[in-house]
Amino acid sequence: MKSKLAYIKITRIEQELRSLKKNLAARKKVVALRGMLKGLKITEDEIDEAKKSLFHV
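Residues numbered from 1 in each chain as written. Predicted model: local features only at pLDDT ≥ 70, side-chain atom pairs only at ≥ 80, totals over all residues. Heavy atoms only, no water.

K.L.:
Please give an account of the overall build of the protein that cites residues and values.
P.N.:
The helix and strand tally for the protein stands at two helices and zero strands. Across the 57 residues that make up the protein, the buried fraction comes to 0%. Only carbon and sulfur atoms are counted for the fraction: they give 61% of the accessible area of the protein, which is about 6,500 Å². (Helix = DSSP H or I, 4+ residues; strand = E, 2+ residues; numbered from the N terminus. Buried < 20%, exposed > 50% of the residue type's maximum accessible area, 1.4 Å probe, protein only. Areas by Shrake-Rupley, 256 points an atom, 1.4 Å probe, with all protein chains shown as cover.)

Shown next as structure tokens:
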């Protein structure tokens, strides 16, 4: 009886994983950011500050 319940639970988990995988695969859309930040100037100081923030240097 326990093995039957475990089988049912595992089957449900497999179905959920397949569904999640399908949903994530459908969302793989490449979005071009070119032109979105057109004319924006980024200084070396801003880059260094971002690196420090990201990598906690």
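K.L.:
Lay out helix α2 (residues 44–55) with the relevant residues and their values.
P.N.:
In an α-helix there are 3.6 residues to a turn, and that puts residues three or four apart on one side. Here α2 contains 12 residues, and its C-alpha end-to-end distance of 16 Å stays within 8% of the 16 Å for a straight helix at 1.5 Å per residue. Little of α2 is tucked away, with zero of its 12 residues classed as buried. (Expected span 1.5 Å × (residues − 1).)

K.L.:
Can you explain a nonpolar patch on the surface? Please cite residues and give values.
P.N.:
The grouping of M1, L5, Y7 and I8 at the surface amounts to a nonpolar patch, some 490 Å² of accessible area in total. Residue L5 is classed as partly exposed on the basis of its relative accessible area, which comes to 48%. (Patch = residues over 30% accessible without salt bridge, like charges linked within 9 Å, V, L, I, M, F, W, Y side chains within 5 Å. Salt bridge = Lys/Arg side-chain N within 4 Å of Asp/Glu carboxyl O.)

K.L.:
Tell me about helix α1 (residues 2–26), and name the residues and values.
P.N.:
Taking 1.5 Å of rise per residue, the 25 residues of α1 would be expected to cover 36 Å, and the 36 Å separating its terminal C-alpha atoms lies within 8% of that figure. Counted residue by residue, α1 has zero buried out of 25 residues, so it is predominantly exposed.

K.L.:
Which residues make up a negative patch on the surface, and what values do they have?
P.N.:
The grouping of E44, D45, E46, D48 and E49 at the surface amounts to a negative patch. The residue D48 is located in helix α2 in this model. (Lys, Arg positive; Asp, Glu negative; His and termini not counted. Charge placed at Lys NZ, Arg CZ, Asp CG, Glu CD.)

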